[in-house]
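If you want the building blocks of each chain, they are given just below.
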Amino acid sequence: MMKIICGVDVSKAKLDACIEPGAALASFDNTPAGIAELAAFCRQHGAELAVMEATGGYERLAFVLLWEAGMPCAMTNPSSVRLYAEAMGVLEKTDRIDASVIARFADAKNLQPTPAPTSTQQRMKALVARLRQVTDDLIVQKQRRSNLLDNAEILASLGEVITLLKRQSRTLEGEIASMIDDDPLWAHLSDTFRSIKGVADRTVAWLVADLPEIGTYSNKAIAKLVGVAPIANDSGKRRGKRPVRGGRAGVRSILFLVAATAARYDKSLGDFRDRLLAAGKEKMVVRIALARKLLVRLNAKARDARAQYANAT
């Protein structure tokens, strides 16, 4: 029997909703007041779940406030929804059609509620995102400074910006470290992760903020979630290349860097890399495989750390 699901198409200003089955339609402002009306609309029609796509940030307020209003929510991938629509012959695209397709996709996929982040998790994620921005800006400013020869005025201006960014970076790092120290589980995970040489404070922060599922998923599932799991591409006797696709780019990029560093100190990781290179594997394939192996180790350590923490409490 089909569940009653509210599909929500999110834009910066509007939330277009469709209840399936029944195709009850409504549109709301993407504001706290509008989201409260959306929650009432869901309850009025007996919706068991509200589903929306990850749209780069416009969905965050609705997701959090719907949970606070007691309405379970799930997030889904826009590309998956679009492919489902085309497979079902829905080639038209409007906000209301998209809302209906989201609801039908959620039922076909049997989507489960996505746990709502706590206020602490939201703050950690925001701090880490800002630290990433500051770090990227700092790299850009340093590159600009290195390209200048003798323009003292511009060099001084760049120096001021770099000093400010460094100060902000230190402040953000301090805030993040304090949050990790103050949370018993995060502190335990931090100690566990840092037992692998090459894993430092920023890696821990990235994992805590952007991969809170670590230690709760299987190794295969966590690799797929991050986007370092090879996807089968076989047909008959043909064995095609197995690409990776999707996943969490921020986590993947930090794993690439950390895995390369860890392989210098960990003999098993270094030997694994060397075997792949000796077998003629492409450098990018080796890079992905090394990141996946490190992720699997971190996931196993996180699983044990969570179990130890649960037993201790």
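For the structure given in this document, a descriptive report is provided here. In this text, all values refer to a predicted model and were calculated from it rather than measured experimentally.

So, the overall build of the protein chain
Working step 1: Along the protein chain, the regular secondary structure elements total 12 helices and seven strands.
Working step 2: Across its three principal axes, the protein chain shows a C-alpha extent of roughly 65 × 60 × 50 Å.
Working step 3: Per-residue burial over the protein chain gives 37% buried out of 313 residues.
Working step 4: Of the roughly 17,400 Å² of accessible surface on the protein chain, 54% is carried by carbon and sulfur atoms.

Considerations on a positive patch on the surface
Working step 1: Together, Lys-142, Arg-145, Lys-166, Arg-167 and Arg-170 make up a region of like positive charge exposed at the surface.
Working step 2: Considering every element that reaches the positive patch, the biggest residue donor is helix H6 (residues 152-182), with three residues.
Working step 3: Accessibility expressed as a relative area gives 45% for Arg-167, which makes it partly exposed.

Things to note about the side chain of Asn-30
Working step 1: With respect to the secondary-structure elements, Asn-30 resides in the loop between strand E3 (24-29) and helix H1 (32-44).
Working step 2: Reaching out from Asn-30, the side chain makes a polar contact with the backbone oxygen of Ser-11 at a distance of 3.1 Å.

Re the packing of H6 against helix H7 (residues 184-193)
Working step 1: Relative to each other, H6 and H7 sit at 105°, their axes nearing to 5 Å. What the angle tells us is that H6 and H7 run roughly perpendicular. Across the interface between the two elements, Met-179, Ile-180, Asp-181 and Asp-182 from H6 touch Pro-184, Trp-186, Ala-187 and Ser-190 from H7.
Working step 2: Residues that form the contact of H6 with H7 fall into these classes: five nonpolar, one polar and two charged.

So, the layout of surface pockets
Working step 1: Within this model, the second largest pocket holds a volume of roughly 440 Å³.
Working step 2: Lining the second largest pocket are 13 residues; nearest its centre among them are Lys-241, Arg-242, Pro-243, Lys-281 and Val-285.
Working step 3: By residue number, the principal contributor to the lining of the second largest pocket is helix H12 (residues 283-312), which donates five residues.

Details of the nonpolar core
Working step 1: Met-124, Phe-193 and Leu-298 are the most contacted members of the largest nonpolar core, which totals 52 residues.
Working step 2: The set of elements that each furnish at least two residues to this core consists of helix H5 (119-146), H6, H7, helix H8 (201-210), helix H9 (219-226), helix H10 (249-265), helix H11 (267-278) and H12.
Working step 3: Ranked by the residues each element gives to this core, the list is headed by H12, at 10 residues.
Working step 4: Once residues lying within four places of it in the same chain are set aside, the contact partners of Phe-193 are Val-199, Val-204, Leu-207, Ile-214, Leu-298 and Ala-302.
Working step 5: One finds Leu-38, Cys-42, Leu-66 and Cys-73 within the second-largest nonpolar core, a separate group that totals 23 residues.

Remarks on the environment of Glu-282
Working step 1: Locating Glu-282 in the fold gives a position in the loop between H11 and H12.
Working step 2: Between the C-alpha atoms of Glu-282 and Phe-256, which are 26 residues apart in sequence, the distance is 15 Å.

Some words on the packing of aromatic side chains
Working step 1: Going through the model one piece at a time under the given rule, you end up with two aromatic pairs.
Working step 2: Considering the side-chain rings of Tyr-84 and Phe-105, the 5.6 Å spacing of their centres and the 65° angle between planes classify their relative orientation as edge-to-face. Taken as a pair, Tyr-84 in helix H3 (residues 78-87) and Phe-105 in helix H4 (residues 95-109) lie far apart in primary sequence, 21 residues in all.
Working step 3: Assessed through its relative accessible area of 18%, Tyr-84 is described here as buried.
Working step 4: The ring of Phe-272 has Lys-293 lying over it, and the distance from NZ or CZ to the ring centre is 4.7 Å.

Topic: the pairing of strand E4 (residues 49-53)
When a strand is regular, its side chains alternate between the sheet's two faces.
Working step 1: Of all the five residues making up E4, five are buried; the element is thus mostly covered by neighbouring parts of the structure.
Working step 2: Here E4 shows no split at all, with Leu-49, Val-51 and Glu-53 on one side and Ala-50 and Met-52 on the other all buried.
Working step 3: The pairing of strand E1 (residues 5-10) with E4 spans four bridges and is classified as parallel. Following the sheet pairing, Ile-5 is matched in E4 by Leu-49.
Working step 4: Once the chain exits E4 it traverses helix H2 (residues 60-68) before rejoining the sheet at strand E5 (residues 73-76), and the crossover so formed is right-handed.

Description of H2
Working step 1: Taken as a whole, H2 has its buried residues at Ala-62, Phe-63, Val-64 and Leu-66.
Working step 2: Among the structural elements, strand E2 (14-20), H1, E4, E5 and H5 are those in contact with the buried residues of H2.
Working step 3: Downstream of H2 by a residue or two, Gly-70 has a phi angle that is positive, lying close to 90°.

Regarding unusual backbone geometry
Working step 1: In this model, Glu-20 is joined to Pro-21 through a cis peptide bond whose omega is 0°.
Working step 2: On the secondary structure map, Pro-21 appears in the loop between E2 and E3.
Working step 3: Even without being glycine, Ala-23 reaches a positive phi, approximately 55°.
Working step 4: Within the element layout of this structure, Ala-23 appears in the loop between E2 and E3.
Working step 5: A positive phi angle, close to 55°, is found at Asn-110, a residue other than glycine.
Working step 6: Looking at where Asn-110 falls in the secondary structure, it is placed in the loop between H4 and H5.

The rules behind these values
- Residues numbered from 1 in each chain as written.
- Predicted model: local features only at pLDDT ≥ 70, side-chain atom pairs only at ≥ 80, totals over all residues.
- Heavy atoms only, no water.
- Helix = DSSP H or I, 4+ residues; strand = E, 2+ residues; numbered from the N terminus.
- Buried < 20%, exposed > 50% of the residue type's maximum accessible area, 1.4 Å probe, protein only.
- Areas by Shrake-Rupley, 256 points an atom, 1.4 Å probe, with all protein chains shown as cover.
- Patch = residues over 30% accessible without salt bridge, like charges linked within 9 Å, V, L, I, M, F, W, Y side chains within 5 Å.
- Salt bridge = Lys/Arg side-chain N within 4 Å of Asp/Glu carboxyl O.
- Lys, Arg positive; Asp, Glu negative; His and termini not counted.
- Charge placed at Lys NZ, Arg CZ, Asp CG, Glu CD.
- Polar contact = N/O pair within 3.5 Å; in protein donor to acceptor, adjacent residues only side chain to side chain.
- Axes fitted to C-alpha atoms, helices over the stretch in contact; angles between N-to-C directions.
- Parallel < 35°, antiparallel > 145°, perpendicular 65-115°, else oblique.
- Contact = heavy atoms within 4.5 Å.
- Nonpolar A, V, L, I, M, F, W, Y, C, P; charged D, E, K, R; others polar.
- 1 Å grid on protein atoms, 1.4 Å probe; cavity = no way out; pocket = protein on both sides within 12 Å on 5 of 7 lines; lining within 4 Å.
- Points joined across faces, edges and corners; volume = space filled by probe spheres on them.
- Core = buried A, V, L, I, M, F, W, Y, C linked by side-chain atoms within 4.5 Å.
- Phe/Tyr/Trp six-rings, centres within 6.5 Å; stacked < 30°, edge-to-face > 60°.
- Lys NZ or Arg CZ within 6 Å of the ring centre and 35° of its normal.
- Pairing = 2+ DSSP bridges.
- Right-handed = clockwise from strand over helix to strand, strands pointing away.

Purely geometric stuff here, so don't read any function into it on its own.
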